[in-house]
Amino acid sequence: MDHQIFQLDNGLRILFQHHPSAITHTCLLIDTGSRHEEVGKYGTAHFIEHLLFKRTEKRSTHQILNRLEAVGGDLNAYTTKEYTCIHASFLKPYLDRALDLFQDIVFHSTFPQEEMEKEKDVILDEMASYLDSPEESIMDDFEDLVFQGTGLGHNILGLEEDLKSISKSDILRFIETHYDASKIVIAISGDYSAKKVEKISEKRFAQVPRYQWQGEVESVDRHAAKRVVKQRPINQAHVVIGGPAYGIYDEHKYGLLLLNSLLGGYGMSSILNLNIREKYGIAYTIESNYSLYSDTGLFSIYFGTDPDKVDRTLKLIDKELTKLKKQPLSSTALEKAKNKFKGQIALAEESRMNLIISESKNLLDYRRVIELKEVFDNIDGVTAEQMMEISRTIFSEENLSSLLFLPEED
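Residues numbered from 1 in each chain as written. Predicted model: local features only at pLDDT ≥ 70, side-chain atom pairs only at ≥ 80, totals over all residues. Heavy atoms only, no water.

(A) Just the side chain of Asp365, in detail. Topologically, Asp365 is positioned in helix H13 (residues 352–366). Buried charge without a partner: Asp365 forms no salt bridge, and the closest opposite charge is Lys361, 7.5 Å away. Polar side-chain contacts of Asp365 include one of 2.6 Å to the side chain of Tyr83. Excluding anything up to four places from it in sequence, Asp365 contacts Tyr83, Ile248 and Tyr249. (Helix = DSSP H or I, 4+ residues; strand = E, 2+ residues; numbered from the N terminus. Buried < 20%, exposed > 50% of the residue type's maximum accessible area, 1.4 Å probe, protein only. Lys, Arg positive; Asp, Glu negative; His and termini not counted. Salt bridge = Lys/Arg side-chain N within 4 Å of Asp/Glu carboxyl O. Polar contact = N/O pair within 3.5 Å; in protein donor to acceptor, adjacent residues only side chain to side chain. Contact = heavy atoms within 4.5 Å.)

Written out as structure tokens, the structure is:
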């Protein structure tokens, strides 16, 4: 899809896609997340995301929440290890209303003490709910295990003692340090002229400050494989195995993305699902995941099963990984894997919101938008031999850690 990029004098970039629809989707993406937090202040980025909806210099919480909902729109946000995203969907006439709201909550929030204390309690409840969902909390704990001692090695929600200690001055310092105009992209998909989008964007965001942050992201040290077993008040066993992988700038990432899709990615026809769930019926959920960061990545395989079936499941997974390390895929199998993966990518881009968020990340990471054809060309260029070499590296014994949540013993 054609797009246009405008850059304001302060360095903030606007990504616009004309789309003839009555519905507009827009996002404001900031190149900062939990990875950029200070030691002892873990949870700051996510805490700020919550507080942006509370009060500004000119709006109450109710006015913020009602500003788009009153016209049938939707406003939400999320935080990751490396990004903070505010996004909204609404009817065409309300673009200026939405961008005005973005500008207000991101740059004019007041962070009143009573709202901070209230929201700390909300996040503490969120933390507790994660502990009640071992299939979710084990993934966070596994990332903590692999990246221990770095900015990637702590939960996005933060630590309870850190959260309780975060002050208004901590929040203001984090925003002033990281909410730099040059680290922000606003993307808009809607039925407007480029001139109108540029005019509204200039009006709303030209005064956003440029701090020119000079900090550095802490590098990830070499990983030493570990095996950790934790007992939990659960009935089913939950297990994750995996380790460090390629980052977003590594040319091997396309091969591993393809391998992840083939092994245990989206859909019921993955290798792990067919050969463990369907063939033996010993794991209700089994999947693989590949998360990419600016300088590293994380590949993981998750499954849940009865405690007495854990060892057998691990042996079956090892059998499939060994095949990938020792036997190159046939040309037919490789072509099928590529077609499946490309189809999944294309389907995901049918969501205009997903598309503009993805392209905003492209702008922040690569300073350009990566077209779908380029992605497909890179996937098509992956060879069976490359897949095998990637398997040998990522699935090697010295790279794979494991984390097991097992039921408490009687």
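(B) Spotlight on the sheet that holds strand S6 (residues 184–190). An order of S1-S2-S6-S3-S5-S4 is seen for the six strands of this open sheet, with the pairing classed as mixed. With one partner strand each, in any of the chains shown, strand S1 (4–7) and strand S4 (74–79) form the two edges of the open sheet. On average, adjacent strands in this sheet sit at an angle of 15° to one another, irrespective of strand direction. Across six bridges, the pairing between strand S3 (residues 23–30) and S6 is antiparallel. Residue pairing in the sheet places Cys27 in a bridge with Ala187 of S6. (Pairing = 2+ DSSP bridges. Axes fitted to C-alpha atoms, helices over the stretch in contact; angles between N-to-C directions.)

(C) Spatial organisation of unusual backbone geometry. Residue Phe111 is not a glycine yet carries a positive backbone phi of 50°. Here Phe111 is to be found in the loop between helix H3 (95–107) and helix H4 (113–131). Classification of Phe111 as buried rests on a relative accessible area of 3%. Positive phi outside glycine occurs at Arg367, with the angle close to 65°.

(D) Up close: the pairing of strand S8 (residues 237–245). With nine of nine residues buried, S8 is to be regarded as a mostly interior element. As paired strands, S8 and strand S10 (residues 297–305) are joined by nine bridges and run antiparallel to one another. Opposite Gly242, over in S10, you have Ser300 as the bridge partner.

(E) Broad picture of the environment of Asp162. With respect to the helices and strands, the residue Asp162 is situated in helix H6 (residues 160–165). A relative accessible area of 9% places Asp162 in the buried class. Remark: the alpha-carbon pair of Asp162 and Ile286, spanning 124 residues in sequence, is separated by 34 Å. Apart from residues no more than four positions distant in its own chain, Asp162 is found in contact with Gly40, Lys41 and Tyr42.

(F) Expanded view of the sheet that holds strand S7 (residues 227–232). Reading across from one edge, S7-S11-S8-S10-S9 is the order of the five strands in this open sheet, with mixed pairing throughout. Bordering the open sheet on either side are S7 and strand S9 (285–292), each of which pairs with just one other strand. Taking each pair of neighbouring strands and ignoring which way they run, the sheet shows an average axis angle of 15°. Inspection of the sheet shows S9 paired to S10 by eight bridges, in the antiparallel sense. Opposite Ile286, over in S10, you have Phe303 as the bridge partner.

(G) Region of interest: the environment of Val208. You can see Val208 is positioned in the loop between helix H8 (194–205) and S7. Residues Val208 and Gln103, spaced 105 residues apart in sequence, show a C-alpha to C-alpha distance of 8.4 Å. Here Val208 is in contact with Asn10, Leu12, Phe107 and Ala181, once residues within four sequence places are set aside.

(H) Spotlight on the packing of aromatic side chains. Summed over the entire model, instances satisfying the criterion amount to three aromatic pairs. Judged by centre distance (6.4 Å) and plane angle (85°), the rings of Phe147 and Tyr293 are edge-to-face. Of this pair, Phe147 sits in the loop between helix H5 (134–146) and H6 while Tyr293 is found in the loop between S9 and S10, placing the two residues 146 residues apart along the sequence. Note on Phe147: relative accessible area 1%, which makes it buried. For the ring pair Phe299 and Phe395, a centre distance of 5.3 Å and an interplane angle of 55° mean the geometry is tilted. Placement of the pair is Phe299 in strand S10 and Phe395 in the loop between helix H15 (384–394) and strand S11 (401–407), with a sequence separation of 96 residues. For the pair shown, Phe299 and Phe395 are each scored as buried. Above the plane of the ring of Phe405 lies Arg232, whose end atom (NZ or CZ) is 4.5 Å from the centre. In this structure, Lys342 is placed above the aromatic ring of Phe376, and the distance from its NZ or CZ to the ring centre is 5.7 Å. (Phe/Tyr/Trp six-rings, centres within 6.5 Å; stacked < 30°, edge-to-face > 60°. Lys NZ or Arg CZ within 6 Å of the ring centre and 35° of its normal.)

Everything listed here is a matter of geometry and, on its own, says nothing about what the molecule does.
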